[in-house]
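Descriptive structure summary
So you can see what is in the structure, the chains are spelled out below.
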Amino acid sequence: MSGHGQMVQVEEYERFVGAETVQRVKEKARALRGLRVAHVNSTYYGGGVAEMLAPLTLLMNSLGIKTEWRVIQGSPDFFSITKKMHNALQGGDINLSELKREIYECVVYDNSIRNDLDHDRIVVHDPQPLPLINHYEKKGPWVWRCHVDLTSPNSEMWSYLSSFIEKYDAVIVTLEEYAQQLQTPQVFFMPAIDPFSIKNRELTESERQSRLDYYGIPTDLPLVTQVSRFDSWKDPEGVIRAFKLAREEVDATLVLLGDVATDDPEGEKVYQSLLDYREERIIILARQDTALVNALQSRSAVVVQKSIREGFGLTVTEAMWKATPVVGGNVGGIKYQIEDGVNGYLVSSVEEAAQRIVQLLKDEELRQAMGQKARESVRERFLMIRLLEQYLDLLGSFETTYRIP
Ligand code: UDP
């Protein structure tokens, strides 16, 4: 393990994936050494995108690829519009007025003035910075990485955004089933976690306990937890209803932990709407505390992620990595992580969620067996080195036709 202030090196993944994989990744990186790459998104923290960009950009730099991370700025009305766009991409309605388009496009234009982007490769994440591509002379390929659940995007929304998307050289979506009608080639990358971060590495029992004590979370009964931005797609109310049903059969404490991302202005409203449900055994916390996320995911008997739409669901991966069984909504990326009845449960209703929570709370052996399989599947499929390799393959796959002689 690296000390404080030292970058994680790719070799540290050897203990999880073996020397051969690490060697292969290093060779692929060697071929790209000196390449200048920029990732662009709209928040430094909160949500899965920032969670991945932090370790990914560091690892790429550690391998000699000059990788920057730029974050666009925007006013609250800009982020309110882009959140509506996010919701519409996940199938919600939107009133896409001329004024909304103007605010969206103007704020992105302003950001383009402030940001020199002349890198060899540019990766733009999600809808917020998407129109940036209109304002640069391309010096290399531009890639749009869309992290949202594209099961059934609102068609008006998609056709408006397509005019920007089609200017990109490639599009990355999370699952093949999210592929859209586009001229631009599409590839599929599932997200991944950083096993060395404070959120995901093994904490000592006393570190865990001290985080829980700090927030007054009781540990006399088993914990059932959902960690999520306060977002209605994550169905926090459904989690509370399922927990109340489950509690008719087995006693436990529910914790809903959420943070509010700077690019998600709806969080506060959703959080406020839940507060009336608070009681001794239903704890609802809005905090930004990654060690607490870790403590809850590892100490809980059951983690729930009862989403209605979910691009991928890194919180599911994180809990599975800690060998905690997850009861997850049978949607989006969750169904590619949980093999129902093997390493967790997939559910489609409040009642089903309640039933699986009860089953797991009553059966410690089942929890342990599922938890071990869950951790193993994350080790095999969802660690950052796999995502890094996919990026190396993609970034290395373009012909260098844009290079200035
Ligand atoms: N997260 C966090 N604190 C919270 C809630 C969420 O650190 O209170 C993190 C969570 O651990 C995960 C990310 O935010 O790393 C959420 O990613 P996910 O893919 O589950 O959902 P998204 O927010 O991107 O829709």
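Residues numbered from 1 in each chain as written. Predicted model: local features only at pLDDT ≥ 70, side-chain atom pairs only at ≥ 80, totals over all residues. Heavy atoms only, no water.

With respect to the overall build of the protein
Counting its regular elements, the protein contains 15 helices and twelve strands. Counted over contacts in the protein with a minimum sequence separation of 6, partners at least 24 positions apart contribute 72%. In the structure as shown, the protein presents an accessible area of about 16900 Å², 47% of it carried by carbon and sulfur atoms. One way to put it: in the protein the 46 positive side-chain charges average out to a point 3 Å from where the 59 negative ones average out. (Helix = DSSP H or I, 4+ residues; strand = E, 2+ residues; numbered from the N terminus. Contact = heavy atoms within 4.5 Å. Areas by Shrake-Rupley, 256 points an atom, 1.4 Å probe, with all protein chains shown as cover. Lys, Arg positive; Asp, Glu negative; His and termini not counted. Charge placed at Lys NZ, Arg CZ, Asp CG, Glu CD.)

What about the nonpolar core?
Membership of the largest hydrophobic core comes to 92 residues, with the highest contact counts inside it found for Tyr104, Trp142, Trp144, Met157, Leu161 and Leu388. Among the elements that make up this core, the one with the highest residue count is helix H15 (residues 384–395) (eight residues). Residues within four places of Tyr104 in sequence aside, it is in contact with Phe78, Ile81, Thr82, Met85, Pro127, Gln128, Leu130, Pro131, Tyr160, Leu161 and Phe164. The next biggest cluster of nonpolar side chains, apart from the first, holds 32 residues, and it includes Val224, Val250, Ala252 and Met370. (Core = buried A, V, L, I, M, F, W, Y, C linked by side-chain atoms within 4.5 Å. Buried < 20%, exposed > 50% of the residue type's maximum accessible area, 1.4 Å probe, protein only.)

What about the pairing of strand E1 (residues 36–41)?
Across the six residues of E1, five count as buried, placing the element largely inside the fold. Here E1 runs beside strand E2 (residues 66–71); their pairing, made up of six bridges, is parallel. In the strand pairing of E2, Asn41 is matched with Val71. Once the chain exits E1 it traverses helix H3 (residues 48–62) before rejoining the sheet at E2, and the crossover so formed is right-handed. (Pairing = 2+ DSSP bridges. Right-handed = clockwise from strand over helix to strand, strands pointing away.)

Topic: the packing of aromatic side chains
Within the structure shown, the criterion is met by 15 aromatic pairs. Taking 5.8 Å as the distance between ring centres and 40° as the angle between the ring planes, the aromatic pair formed by Phe16 and Phe196 counts as tilted. Of this pair, Phe16 sits in helix H1 (residues 14–17) while Phe196 sits in the loop between strand E6 (186–188) and helix H7 (205–214), and the two are 180 residues apart along the sequence. Assessed through its relative accessible area of 13%, Phe16 is described here as buried. For Phe196, a relative accessible area of 6% corresponds to the buried category. Relative to Trp142, the ring of Tyr136 lies with its centre 5.4 Å away and its plane at 40°, an arrangement referred to as tilted. By the burial criterion, Tyr136 is buried, and Trp142 matches it. Here the aromatic residues Phe78, Phe79, Tyr104, Tyr160 and Phe164 are joined through ring pairs into a cluster of three or more. Here the basic side chain of Arg211 rests over the ring of Tyr214, its NZ or CZ set 5.0 Å away from the ring centre. (Phe/Tyr/Trp six-rings, centres within 6.5 Å; stacked < 30°, edge-to-face > 60°. Lys NZ or Arg CZ within 6 Å of the ring centre and 35° of its normal.)

With respect to the sheet that holds E6
The pairing of strands in a sheet happens through backbone hydrogen bonds and is either parallel or antiparallel. Spatially, six strands are ordered E2-E1-E3-E4-E5-E6 in an open sheet, and the strand pairing comes out parallel. One side of each edge strand has no neighbouring strand; the edge strands of this open sheet are E2 and E6. Averaged over all neighbouring strand pairs, the angle between strand axes comes to 20°, with direction disregarded. Note that strand E5 (residues 170–173) and E6 share three bridges and pair parallel. Bridge pairing in E6 links Val171 to Gln186. Sitting on the sheet, H3 is in contact with E1, E2 and strand E3 (121–125), with an inclination near 155° to E2. In this fold H15 packs onto E1, E3, strand E4 (142–145), E5 and E6, with an angle of close to 130° to the strand it touches most, E3. (Axes fitted to C-alpha atoms, helices over the stretch in contact; angles between N-to-C directions.)

Some remarks on the packing of H7 against helix H10 (residues 290–299)
H10 packs onto H7 with a crossing angle of 110° between their chain directions and a minimal axis gap of 9 Å. One finds that H7 runs roughly perpendicular with respect to H10. Listed contacts from H10 to Glu205, Arg208, Gln209, Arg211 and Leu212 of H7 are Ala291, Leu292, Ala295, Leu296, Ser298 and Arg299. In the contact of H7 with H10, the residues fall into five nonpolar, two polar and four charged. (Parallel < 35°, antiparallel > 145°, perpendicular 65-115°, else oblique. Nonpolar A, V, L, I, M, F, W, Y, C, P; charged D, E, K, R; others polar.)

Concerning the site of the ligand
Near the ligand, the surroundings consist of 18 residues, among which Gly48, Lys199, Arg229, Lys234 and Glu318 are the closest. For the ligand, an oxygen atom lies 2.9 Å from a polar atom in the backbone of Leu314. For the ligand, whose accessible area on its own is 540 Å², the fraction buried by protein is 91%. Of all the elements in the fold, those that place two or more residues in the shell around the ligand are H3, strand E8 (253–258) and helix H11 (314–321). Looking at which element gives the most residues to the shell around the ligand, the answer is H11, with three residues. (Near = heavy atom within 4 Å. Polar contact = N/O pair within 3.5 Å; in protein donor to acceptor, adjacent residues only side chain to side chain.)

Digging into the sheet that holds strand E9 (residues 282–286)
Pairing is parallel in the open sheet, where six strands are placed in the order E9-E8-E7-E10-E11-E12. Strands with a single pairing partner mark the edges of an open sheet, and in this sheet they are E9 and strand E12 (344–347). If you compare each strand with its neighbour and ignore which way they point, the axes differ by 20° on average. The pairing of strand E7 (residues 223–227) with strand E10 (residues 302–305) spans two bridges and is parallel. Bridge pairing in E10 links Thr225 to Val303. Of the strands in this sheet, E7, E8, E9 and E10 are in contact with helix H8 (residues 236–247), which crosses E8 at around 170°.

Digging into H10
One turn of the α-helix equals 3.6 residues, which is why residues spaced by three or four share an orientation. Taking burial as the measure, the ten residues of H10 include eight buried ones, the bulk of the element. The opening residue of H10 is Asp289, an N-cap whose side-chain oxygen sits 3.1 Å from the backbone nitrogen of Ala291.

What to know about the confidence of the model for the protein
Looking at the protein, the pLDDT average stands at 95 and 98% of residues meet or exceed 70. Every residue in residues 401–405 scores below 50 in pLDDT, and together they form nine contacts with partners more than four places removed in sequence or on other chains. (pLDDT = per-residue confidence, 0-100.)

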